[in-house]
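# Observations on chain architecture
Listed here are the chains, written in short residue letters.
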Amino acid sequence: MTATPNGFNLDNSGRRIVVDPVTRIEGHMRCEVNVDENNYIRNAVSTGTMWRGLEVILKGRDPRDAWAFTERICGVCTGTHALTSVRAVEDALAIKIPDNANSIRNIMQLNLQIHDHIVHFYHLHALDWVNPINALRADPKATSELQQAVSPSHPLSSPGYFRDVQNRLKKFVESGQLGLFKNGYWDNPAYLLPPEADLMATTHYLEALDLQKEIVKVHTIFGGKNPHPNWLVGGVPCPINIDGVGAVGAINMERLNMVSSIIDLCNTFNKNVYIPDVIAIGGFYKNWLYGGGLSGKSVLAYGDIPEHPNNFDAAQLHLPRGAIINGNLNEVHDVDPRDPEQVQEFVDHSWYTYAEPGKGLHPWDGVTEPKYELGPNAKGTRTNILELDEAAKYSWIKAPRWRGNAMEVGPLARYVVGYAKGHEDIKNQVEGLLRTMNLPVTALFSTLGRTAARALESEYCGRLQKYFFDKLVTNIKNGDQSTANVEKWDPKTWPKEAKGVGMTEAPRGALGHWIRIKDGRIDNYQCVVPTTWNGSPRDTKGNIGAFEASLMDTYMERPDEPVEILRTLHSFDPCLACSTHVMSPDGDVLTTVKVR
Amino acid sequence: MPATRPASLPASVLVLGIGNVLWADEGFGVRCIETLAETFEVPPHVRLLDGGTQGLYLLPFLEQADALLVFDAIDYGLAPGTLKVVRDADVPAFMGAKKMSLHQTGFQDVIATAQLLGRCPPLLTLIGCQPVELEDYGGGLRPAVAAAIAPALEVAFRELQDWGVTLVPGRSSSADLADPSIRRHAYEDGRPAEELACRVGDDRFFPGAG
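The text that follows walks through the structure, step by step, so that each part is easy to find. (Residues numbered from 1 in each chain as written. Chains lettered and ligands numbered in written order. Predicted model: local features only at pLDDT ≥ 70, side-chain atom pairs only at ≥ 80, totals over all residues.)

Our next topic: the overall build of chain B. When its secondary structure is counted, chain B shows 7 helices and 7 strands. By residue count, 54% of the 210 residues in chain B fall in the buried class. Summarising the internal contacts of chain B: among those between residues at least 6 apart in sequence, 80% fall at separations of at least 24. (Helix = DSSP H or I, 4+ residues; strand = E, 2+ residues; numbered from the N terminus. Buried ≥ 20, exposed ≤ 12 C-beta atoms within 10 Å, placed from the backbone. Contact = placed C-beta atoms within 7 Å.)

Let us look at the sheet that holds strand β1 (residues 13-18) of chain B. Sheet strands pair via backbone hydrogen bonds, and the direction of the pair is either parallel or antiparallel. Residue and element names in this part refer to chain B. The 5 strands lie next to each other as β3-β1-β4-β6-β5, forming an open sheet whose pairing is mixed. Both outer strands of the open sheet, β3 (46-52) and β5 (83-87), are each paired with one neighbouring strand and no more. Direction aside, the axes of adjacent strands within the sheet are offset by 15° on average. In this sheet, strand β4 (residues 67-73) lies alongside β1 in parallel orientation, the contact comprising 5 bridges. Across the sheet, valine 13 pairs through a bridge with alanine 67, a residue of β4. Sheet strands in contact with helix α6 (residues 149-162) are β4, β5 and β6 (123-129), and its direction is about 170° off that of β6. (Pairing = 2+ DSSP bridges. Axes fitted to C-alpha atoms, helices over the stretch in contact; angles between N-to-C directions.)

With respect to the helices and strands, leucine 117 of chain B occurs in the loop between α4 (107-116) and β6. On the basis of neighbour count, leucine 117 of chain B is assigned to the partly exposed category, with 16 C-beta atoms found within 10 Å. In sequence terms leucine 117 of chain B and glutamate 63 of chain B are 54 residues apart; their C-alpha atoms lie 9.3 Å from each other. Setting aside anything within four residues of it in sequence, one finds leucine 117 of chain B in contact with Leu206 and Leu209 of chain A.

This paragraph deals with helix α3 (residues 78-93) of chain A. In an α-helix, one turn spans 3.6 residues, which is why side chains three or four residues apart end up on the same side. Residue and element names in this part refer to chain A. A rise of 1.5 Å per residue sets the reference length of α3, with its 16 residues, at 22 Å; its end C-alpha atoms lie 23 Å apart and thus fit the reference within 8%. Of all 16 residues that make up α3, 16 are buried, and the element is covered over most of its length. Positive backbone phi, approximately 50°, marks alanine 94, located one or two places after α3. (Expected span 1.5 Å × (residues − 1).)

Membership of the largest hydrophobic core comes to 214 residues, with the highest contact counts inside it found for Leu300 of chain A together with Ile33, Leu62 and Leu68 of chain B. If sequence neighbours within four positions are ignored, leucine 68 of chain B has contacts with Leu14, Leu16, Leu62, Pro121, Leu123 and Leu124 of chain B. (Core = buried A, V, L, I, M, F, W, Y, C linked by C-beta atoms within 7 Å.)

Before going further, it helps to examine the sheet that holds strand β16 (residues 509-518) of chain A. Residue and element names in this part refer to chain A. Ordered by their spatial adjacency, 3 strands build an open sheet running β15-β16-β17, and the pairing between neighbours is antiparallel. Looking at which strands have only one partner, the edges of the open sheet turn out to be β15 (497-506) and β17 (521-528). In this sheet, adjacent strand axes meet at a mean angle of 15° when their direction is disregarded. Summarising the sheet, β15 and β16 pair through 10 bridges and their orientation is antiparallel. Bridge pairing in β16 places valine 501 opposite tryptophan 514.

The next subject is the packing of helix α7 (residues 195-215) of chain A against helix α9 (residues 253-284) of chain A. All names here are of chain A. α9 packs onto α7 with a crossing angle of 155° between their chain directions and a minimal axis gap of 11 Å. On the basis of the axis angle, α7 is roughly antiparallel to α9. When the axes of α7 and α9 are compared, the crossing they make is left-handed. Between α7 and α9, the residues in contact are Ala197, Ala201, His204, Glu207, Leu211, Glu214 and Ile215 and Ile262, Leu265, Cys266, Phe269, Val273, Asp277, Ala280, Ile281 and Phe284, respectively. Taken together, the residues of the contact of α7 with α9 sort by class into 12 nonpolar, 1 polar and 3 charged. (Parallel < 35°, antiparallel > 145°, perpendicular 65-115°, else oblique. Left-handed = near helix turned anticlockwise from the far one by under 90°. Nonpolar A, V, L, I, M, F, W, Y, C, P; charged D, E, K, R; others polar.)

Structure representation (structure tokens):
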């Protein structure tokens, strides 16, 4: 048994379970745990392939183009990477963006946040709690009654509606194309919903599919296209011509009205469907409060959604910034991404090497030099690892730390920071939810808490989206149509050397890009992404990362069916996007689970 | 999906390239679309789209189409650079990913989702190319795969002809194409030298490659 500095007791003597890959996430991730004789997880090891640092691709390129490359890192948070990138370049070159650009960027970022949260809950995470096969056994009339009790104002609630969905589902399942629902552990006793709740939630899975298509149109309107919307260093690439007409070109009133109606759609769905579903489903799992991990101990948020352009002071951000360590909610530290002592990356347990072992490097001084070697206790070969040796190097993910502490990032981290800071909207939401569900505040520090925080945040972001839309329209009506500042577009206006940092809150957590520019070109570029924080391996001192911590002491119904592991890992909305997209005819088996 | 193809010609056609341009031959699909747009003019009812590695974002484009032509890098276990064409009901099976396709909201799921909603295009054709190299982050297409673009476009040309679409030499301007900074030549020519930027791969997750 080993006690970690961050408060966990690790025991790797029990049976080892390997889950590879963890499914329904972006990118590739593998997880190994040891369970004791009573099927409780007593040791957890998370590993992943991350991309090998963007410097590989960006060195020597034009900083004004970096966003287009970073947008391709990932299939999900394209816009967030692009926004972080243009912020880093603007920071380096002291470029001030106009007020309209700030509002439009905020709307796009909030929109992405809502889109991601809804898609995550219904399409990547719900199946950890909801059993669509069990939904086939539901009584449509009883489902209708349940729906009306859970959300009286949701119009889609008739017995006939649920019967239709059930028939469609039946046809889909019977066609043998289980497709979306394959690889489930549908007989596992960890699933607790009655068939009616399963049918209701599966129906909303379909409703959310239709909704998400509408939501992203905001990106098409402001970004010119979607997928891969356009971004611009100095502002946003969409001119405003409020009296203009026609479908092509500048932002006009017609397009703004369309944005407005999409914002309303988001807010209605959050209110009528998403939040009630989380409360209803969560209600059946109230006794399953595993998975808290670091959330009650150490959390980090950079904050986002600035009220005013070019002002990232903590007090001016709608999504809160701060760091909490060792569970002391009475003290929220401010976070400075420039301070070389705060954010540092360690590689003692990662497949990289630094000149000085045991030392952490700030991203501006970041080095990505691979060193792939397995520890003496690893089993298997270099290309087919059966079991990792976590005492040695065991992951392609570096271990970022804040003042030496392993931190959780993401919606729950943001909500814990906001709650501790007394952020009014967040505090009201959290207290309201806990009251409704009759749960103590400590229930927040759990897998379910992470999932609930995401839903609350979707609702809050919806309100903010409306706020910035109104702000944008008022500003335009007052005669300001400016969307970009191109004074420093020409590299001749730039200093010989410059460095900057861009920060955002991506849907899955704190995201930072650090850039160095030399002679008008990119000299170094480092991203520290949310899943690097959450999925980090152990560090020099032996602190375990957020994924690892969250799995500790969880009870598994059936160790060879890792429902509980997936449930908790998915609650982070992990994104290890680096993966390729090649298709193969012989690919039915996605996950192997080995009990050793 | 119907066993027989519909008799009437599709009113709306989506030509889609998918894959990640940052991973060497993974960019095949996107580069096909790029080349198609640079060399042919498509009629108004045909949409060219760089789909990248987007999952559900592509759903609305699928739903609006009566016929879908996809270019992608596919591991068929054939000789590198070989093209393979599959149609209709065979497409999803070929899009079942093994270890390399780990986007769980990948394109296979997009098709499955469109089917679940009853809005999948009745005509599906996949033009796949066996990659030479994927494990080169920041790299471009390998010569054998780059050389497969022209024959892939010929296949597409005939396929589209069957759908009543005639491509004429020229250019297509589409808002749905990649930003100029990451189009093939800018991307490949602007790559930093190996001594400046590490290119070592990650053989651990690519069995057979190491």
